[in-house]
Amino acid sequence: MNLSQKSDQELVALAISSSDHKAFTEIVERYQVMIRQFLRRLTAGDTHMADDLAQEAFFLAFQKLYTYQGKGTLKSWLHTIAYRLFLKQIQKKPLLELDENQSILISEPQSALEADLLAEKLMQRLSADERVVMTLFMSAEMSHSDIVKVTNLPLGTVKSHIQRAKVKLHQLIEKSQLVA
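Residues numbered from 1 in each chain as written. Predicted model: local features only at pLDDT ≥ 70, side-chain atom pairs only at ≥ 80, totals over all residues. Heavy atoms only, no water.

1. A look at the overall build of the protein
Short version of the rule: Only runs of H or I of at least four residues qualify as helices and only runs of E of at least two qualify as strands under DSSP, and these elements are numbered from the N terminus. Three exposure classes are used, based on accessible area relative to the maximum for each residue type with a 1.4 Å probe and protein chains only: buried under 20%, partly exposed in between, and exposed over 50%. Any two residues having at least one pair of non-hydrogen atoms within 4.5 Å are treated as being in contact.
Of regular secondary structure, the protein possesses 8 helices and 2 strands. Tracing the protein from N to C terminus, the helices and strands come up as α-α-α-α-β-α-α-α-α-β. Sorting the 180 residues of the protein into buried and exposed places 40% on the buried side. Intrachain contacts of the protein at a sequence separation of at least 6 include 63% that bridge at least 24 residues.

Listed below in structure tokens is the structure:
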């Protein structure tokens, strides 16, 4: 069985027990796009910061892999590391919040890339807390309880951030002019 067919737990065990760098490389390959996208949304589209944080997150994950106990999913554990690094970064250098009342011009996405760019543009209008819970909920397809584990926010707060973000995004789309 090659590494791509192994479960996350098997890859973690291989990486820990034999310092198998190929096993950890497989973990990175499985999750790098997801973690980078998560961080791009959190950083309101700052790709340089997101890439730096993603690289730092995987480096830290490699160093701390022995602490992963398999109680939650590896995906949640990696998102937690990335989120905590993001929080440290914005303590040093806060992100500029965009005016949510400012209208934006959006067009119907013609490709997956355009849809992703549109999502980033819309997510810039949310607060950092709303961005994180919406990204984990929609893009990472995490449950409310998984989001609680990643963010350490109370369940009620997670639910209200998701609801508030959905309303804001819906309002943004409604007041934007759709062009063909």
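2. Details of the side chain of histidine 161
Mapped onto the secondary structure, histidine 161 falls in helix α8 (residues 155–175). Classification of histidine 161 as buried rests on a relative accessible area of 9%. Residues within four places of histidine 161 in sequence aside, it is in contact with Asp129, Glu130, Val133 and Leu153.

3. Concerning the nonpolar core
In plain terms, the rule: Throughout, nonpolar core names a set of buried Ala, Val, Leu, Ile, Met, Phe, Trp, Tyr and Cys residues whose side chains join them through atoms within 4.5 Å.
Core analysis: the biggest nonpolar cluster contains 46 residues, and Leu39 and Leu78 have the highest contact counts within it. Within the residue set of this core, elements represented by two or more residues are α1 (8–17), α2 (21–42), α3 (47–64), α4 (74–92), α5 (112–123), α6 (128–139), α7 (144–151) and α8. Here leucine 39 is in contact with Ala50, Leu53, Ala54, Ala82 and Phe86, once residues within four sequence places are set aside.

4. Digging into the layout of surface pockets
The following threshold applies: Buried and open spaces are told apart on a 1 Å grid over the protein atoms alone, a cavity being a set of points where a 1.4 Å probe fits but cannot get out and a pocket being an open set with protein on both sides within 12 Å along at least five of seven lines. Residues with an atom within 4 Å of a point are the lining residues. Grid points are joined across faces, edges and corners, and a volume is the space filled by probe spheres set on the points. As a working rule, the residues Ala, Val, Leu, Ile, Met, Phe, Trp, Tyr, Cys and Pro are called nonpolar, Asp, Glu, Lys and Arg charged, and the rest polar, with Gly in that last group.
There is about 360 Å³ of room inside the largest pocket. Going through the elements one at a time, α3 and α4 are the ones with two or more residues in the lining of the largest pocket. The element best represented in the lining of the largest pocket is α4, accounting for 7 residues. Here the residues of the lining of the largest pocket are counted per class, giving 5 nonpolar, 7 polar and 5 charged. As a volume, the second largest pocket reaches approximately 190 Å³. Along the walls of the second largest pocket sit Arg41, Ala119, Leu122, Met123, Met134, Thr135, Met138, Ser139, Leu169, His170 and Ile173, which together make up its complete lining. Residue contributions to the lining of the second largest pocket peak at 4 residues, all from α6.

5. Quick word on α3
One full turn of an α-helix is made of 3.6 residues, so residues set three or four places apart face in the same direction. Heads up, the condition is: For a helix, the expected span equals 1.5 Å multiplied by the number of residues minus one. By definition, the arc is the one covered by directions from the helix axis to the C-beta atoms.
For α3, which comprises 18 residues, the first-to-last C-alpha distance of 25 Å matches the rise-based estimate of 26 Å (1.5 Å per residue) to within 8%. Residues of α3 that are buried include every one of Met49, Ala50, Leu53, Ala54, Ala57, Phe58 and Ala61, and no others. Burial along α3 is one-sided: seen end-on, the buried residues are contained in an arc of 160°. Away from its buried face by more than 90 degrees, α3 exposes His48, Asp52, Gln55 and Phe59. Where the residues of α3 are buried, they touch α2 and α4.

6. Comments concerning the pattern of salt bridges
Proximity of charged atoms lets side chains of opposite charge pair with each other. Selection rule: We define a salt bridge as a side-chain nitrogen of Lys or Arg found within 4 Å of a carboxyl oxygen belonging to Asp or Glu.
Applying the stated criterion across every chain yields a total of 5 salt bridges. Between glutamate 130 and arginine 164 there is a salt bridge, with the nearest N and O atoms lying 3.7 Å from each other. Of this pair, glutamate 130 sits in helix α6 while arginine 164 sits in helix α8, and the two are 34 residues apart along the sequence. A relative accessible area of 2% places glutamate 130 in the buried class.

Without other data, these values stay purely geometric and don't point to any function.
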